[in-house]
Amino acid sequence: MTQFQLWSRSTEDTLMIGERLGHMAEAGDLFALDGDLGAGKTHFSKGLAKGLGVQAMVNSPTFTILKVYNGRLPFYHIDAYRLDEDGEEDLGLLEYMEGEGVTVVEWASILRTQLPKNRIDITLKHVDDHVRKLDVYSNHDRYEPVFKELTKR
Amino acid sequence: MSNPRILAIETSCDETAAAIVEGGKTLLSNVVASQIEIHKRFGGVVPEVASRHHVENMTAVIEETMSSAHVTYEDLDAIAVTEGPGLVGALLVGVNTAKALAYAHQRPLLPVHHIAGHIHAADLIADIKYPAMALVVSGGHTSLIYMPERGEYEVIGETRDDAVGEAYDKVARTLKLPYPGGPEIDRLAANGEVTIDFPRAWLEADSYDFSFSGLKSSVLNYIHNANQRKEEVIQENVAASFQASVVDVLVERAQRAVSAYQAQQLIVTGGVAANHALREAMGKTFPNDGDVELVIPPLSLCTDNAAMIGAAAQVVWEKDVRAGYDLNGQPGLAIK
Ligand SMILES: Nc1ncnc2c1ncn2[C@@H]1O[C@H](COP(=O)(O)OP(=O)(O)OP(=O)(O)O)[C@@H](O)[C@H]1O
Ligand SMILES: [Mg+2]
């Protein structure tokens, strides 16, 4: 497990970070996002989808819980905001995460115990109106160089 | 046959609903089993109970729909169902029920798009005049849809982040208001004043898209900062100021779209169309004696229901579209 700390100084910055990761994402990759309301989880997801080559409008999945898009790989955008912490609900979300595509989960801690272990955890912290701190925990060697580079900016 | 009698089923989100509509215009019965009470207990979360409750409610809802319309399956010409978009598990309950009924009674199966449903709720109270523009505003959707003629839908604008209803719910939760948050904010705003200048996301000059995440963040920042400075947060004023920003943007978009596309009618529909401030502002912008007719279905037809699915199914019937028994729920279905 490696830890990184990234800074985003604008909405565009967060989009760009997501996009960089989306470029290298491979089938089965899982990004678990946390952070307060309005921290930028959906914007990070929009960037990542762009990196994956998704053309369609990616917007908040809070109400539908799951949105599916097609890019270079399928993109599964999940939001656990409306889900129950300890419900043993079977929404079949796990099948998507282990499937052919790339998954981003907003409000991931709500599903924490049910998430596959192999994932990239990112917590977005609101610093001020424009600045966000991203705490990253990753056990993917593949992403390490990019995270290192993004840390240096 | 031009006036088919259609049994329609809707389970795309939290409501289990069925209705019988004749010729897309006449409502014979309309039953909705809402899970709002369940959600109130949990503060709006736990939609996974949705699928289970759809299953539990489905049979009773259909029985009541049939008996209150005084019809038997012999009297029906088709079975219609919401195919998407929506929650996967929830959609499947409706789709499978409709397939079973269509098969058992040998009736055609009509696939309906949920948003087309919201739009055609207007058919139940008025005659839609084409070209028409529809503003669909709800918890999961915020779209402007242009209809050059009956059965043709072109999405010209949609939200780039949060849906309007979602922004209402998230702001309401931050203000610690009970669920559902929309009506609460509406009620508070009526007693408040616009004292805070929250942002309006105008986006590019020619865009019909929406964005509410900036407004959401801005309201959260305001509350957060006030709490830190130990200043009093006047909920009524926050609600009124937030609502003013939302309404300004919705009205501007609708007005610009209607005039650019020379629409004869503007239909405002979806759960958020129940909002008083929005209704009032739209009413002022599109007055009775104006060039553009404003159609806002009554509350019971704006929130999720199956009557609207029955009305939209009429269009599907006219186009001769029929689904096979391989019909599936399509969570991300696009409107065409
Ligand atoms: N550095 C930044 N990174 C990301 N977003 C930022 C940044 N600075 C400002 N913002 C703004 O913050 C908002 C983030 O909203 P967004 O909906 O992406 O957050 P979220 O974490 O998905 O919220 P929710 O908890 O409601 O799902 C946007 O309006 C965005 O423009
Ligand atoms: Mg989000």
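Preceding block: the structure.
This text gives an overview of the structure that appears in the document. Worth saying up front: this structure is predicted, and the values here are computed from it rather than measured. (Residues numbered from 1 in each chain as written. Chains lettered and ligands numbered in written order. Predicted model: local features only at pLDDT ≥ 70, side-chain atom pairs only at ≥ 80, totals over all residues. Heavy atoms only, no water.)

**Description of the overall build of chain B**
Part 1: Across its full length, chain B carries 11 helices and 10 strands.
Part 2: In terms of overall size, chain B behaves like a compact globule, its C-alpha atoms giving a radius of gyration of 20 Å where 336 residues would be expected to give roughly 20 Å.
Part 3: Within chain B, the fraction of its 336 residues that count as buried is 60%.
Part 4: Put simply, 74% of the contacts in chain B that link residues at least 6 apart link residues at least 24 apart.
Part 5: Of the accessible surface of chain B, which amounts to about 13400 Å², a share of 50% is contributed by carbon and sulfur atoms.
Part 6: Separation of charge centres in chain B, based on 25 positive and 43 negative side chains, amounts to 4 Å. (Helix = DSSP H or I, 4+ residues; strand = E, 2+ residues; numbered from the N terminus. Rg over C-alpha atoms; globule rule 2.2 N^0.38 Å. Buried < 20%, exposed > 50% of the residue type's maximum accessible area, 1.4 Å probe, protein only. Contact = heavy atoms within 4.5 Å. Areas by Shrake-Rupley, 256 points an atom, 1.4 Å probe, with all protein chains shown as cover. Lys, Arg positive; Asp, Glu negative; His and termini not counted. Charge placed at Lys NZ, Arg CZ, Asp CG, Glu CD.)

**Considering the environment of Lys284(B)**
Part 1: Here Lys284(B) shows up in helix H9 (residues 276-285).
Part 2: Distance from Lys284(B) to Leu135(B), taken between C-alpha atoms, is 16 Å for residues 149 residues apart in sequence.

**Side note on the sheet that holds strand S5 (residues 109-113) of chain B**
All names here are of chain B.
Part 1: Taken in spatial order, the five strands line up as S3-S2-S1-S4-S5 in an open sheet, and their pairing is mixed. Taken across any chain shown, the strands that pair with only one partner, and hence form the sheet edges, are strand S3 (26-33) and S5. Within this sheet the neighbouring strands show an average axis-to-axis angle of 20°, counted without direction.
Part 2: Here strand S1 (residues 5-10) runs beside strand S4 (residues 78-84); their pairing, made up of four bridges, is parallel. Among the inter-strand pairings, Ala8 is bridged to a residue of S4, identified as Ala80.
Part 3: Relative to the sheet, helix H3 (residues 88-104) contacts S1, S4 and S5, its axis offset from that of S4 by approximately 160°.
Part 4: Each of S1, strand S2 (16-22), S3, S4 and S5 touches helix H11 (residues 307-318); the most contacted strand, S5, lies at about 115° to it. (Pairing = 2+ DSSP bridges. Axes fitted to C-alpha atoms, helices over the stretch in contact; angles between N-to-C directions.)

**Focus: the coordination of the magnesium ion (ligand 2)**
All names here are of chain A.
Part 1: Every protein donor of the magnesium ion (ligand 2) is accounted for by Thr42 (OG1) and Glu106 (OE), and the metal-donor separations fall at 2.1 to 2.2 Å. With Thr42 in helix H2 (residues 41-51) and Glu106 in strand S5 (residues 102-106), the pair connects residues that are 64 residues apart, well separated along the chain. Glu106 matches Thr42 in its accessibility class, with the two residues each being buried. (Donors = N, O, S within 2.8 Å, 3.2 Å for Na, K, Ca; no water.)

**Things to note about the packing of aromatic side chains**
Part 1: Summed over all chains, the structure comprises 13 aromatic pairs over all chains.
Part 2: With 5.3 Å between their ring centres and 25° between their planes, Phe4(A) and Phe147(A) make a pair best called stacked. Here Phe4(A), found in strand S1 (residues 2-8), pairs with Phe147(A), found in helix H4 (residues 144-152); they are 143 residues apart in sequence, far enough to count as distant.
Part 3: Judged by its relative accessible area of 8%, Phe4(A) falls in the buried class.
Part 4: Since its relative accessible area comes to 0%, Phe147(A) is described here as buried.
Part 5: Between the aromatic rings of Tyr76(A) and Tyr96(A), the centroid separation amounts to 5.0 Å while the plane-to-plane angle is 65°, which identifies the pairing as edge-to-face. Of this pair, Tyr76(A) sits in strand S4 (residues 74-79) while Tyr96(A) sits in helix H3 (residues 93-97), placing them 20 residues apart in sequence.
Part 6: Taking the relative accessible area as the measure of exposure, Tyr96(A) reaches 23% and is therefore partly exposed.
Part 7: When the ring centre of Phe63(A) is taken as reference, the NZ or CZ atom of Arg82(A) above it lies at 4.5 Å.
Part 8: One Lys or Arg, Lys170(B), reaches over the ring of Tyr81(A) and ends 4.9 Å from the middle of that ring. (Phe/Tyr/Trp six-rings, centres within 6.5 Å; stacked < 30°, edge-to-face > 60°. Lys NZ or Arg CZ within 6 Å of the ring centre and 35° of its normal.)

**Some details on the site of ligand 1**
Part 1: The environment of ligand 1 is made up of 23 residues, and the closest members are Thr14(A), Thr42(A), His43(A), Lys170(B) and Lys216(B).
Part 2: Each of chains A and B places residues next to ligand 1.
Part 3: The separation between an oxygen atom of ligand 1 and a polar side-chain atom of Ser213(B) is 2.9 Å.
Part 4: Contact distances for ligand 1 include 3.2 Å between an oxygen atom and a backbone N or O atom of Gly214(B). (Near = heavy atom within 4 Å. Polar contact = N/O pair within 3.5 Å; in protein donor to acceptor, adjacent residues only side chain to side chain.)

**Structural notes on the side chain of Asp209(B)**
Part 1: One can find Asp209(B) in the loop between helix H6 (181-190) and helix H7 (213-228).
Part 2: There is a polar contact of 2.9 Å between the side chain of Asp209(B) and the backbone nitrogen of Glu158(B).
Part 3: Beyond its immediate sequence surroundings of up to four residues, Asp209(B) is in contact with Met57(A), Ile156(B), Gly157(B), Glu158(B), Arg160(B), Leu203(B) and Arg253(B).

**Thoughts on unusual backbone geometry**
Part 1: Residue Pro85(B) is reached from Gly84(B) by a cis peptide bond, and omega for that bond is -10°.
Part 2: In this structure, the amide linkage connecting Tyr179(B) to the following residue, Pro180(B), adopts the cis form with an omega of -5°.
Part 3: Residue position: Pro180(B) is located in the loop between helix H5 (164-174) and H6.
Part 4: Backbone geometry at Trp107(A) places phi at a positive 55°, although glycine is not the residue there.
Part 5: On the secondary structure map, Trp107(A) appears in the loop between S5 and strand S6 (120-126).
Part 6: Look at Leu203(B): it is not a glycine, yet its phi comes out positive at around 55°.
Part 7: With respect to the element layout, Leu203(B) can be found in the loop between H6 and H7.

**Digging into helix H8 (residues 235-260) of chain B**
All names here are of chain B.
Part 1: The first and last C-alpha atoms of H8 sit 38 Å apart over 26 residues, in line with the 38 Å expected at 1.5 Å per residue.
Part 2: Among the 26 residues that make up H8, 19 are buried, leaving the element largely enclosed by the rest of the structure.
Part 3: Following H8 by one or two positions, Gln262 has its phi on the positive side, about 50°. (Expected span 1.5 Å × (residues − 1).)

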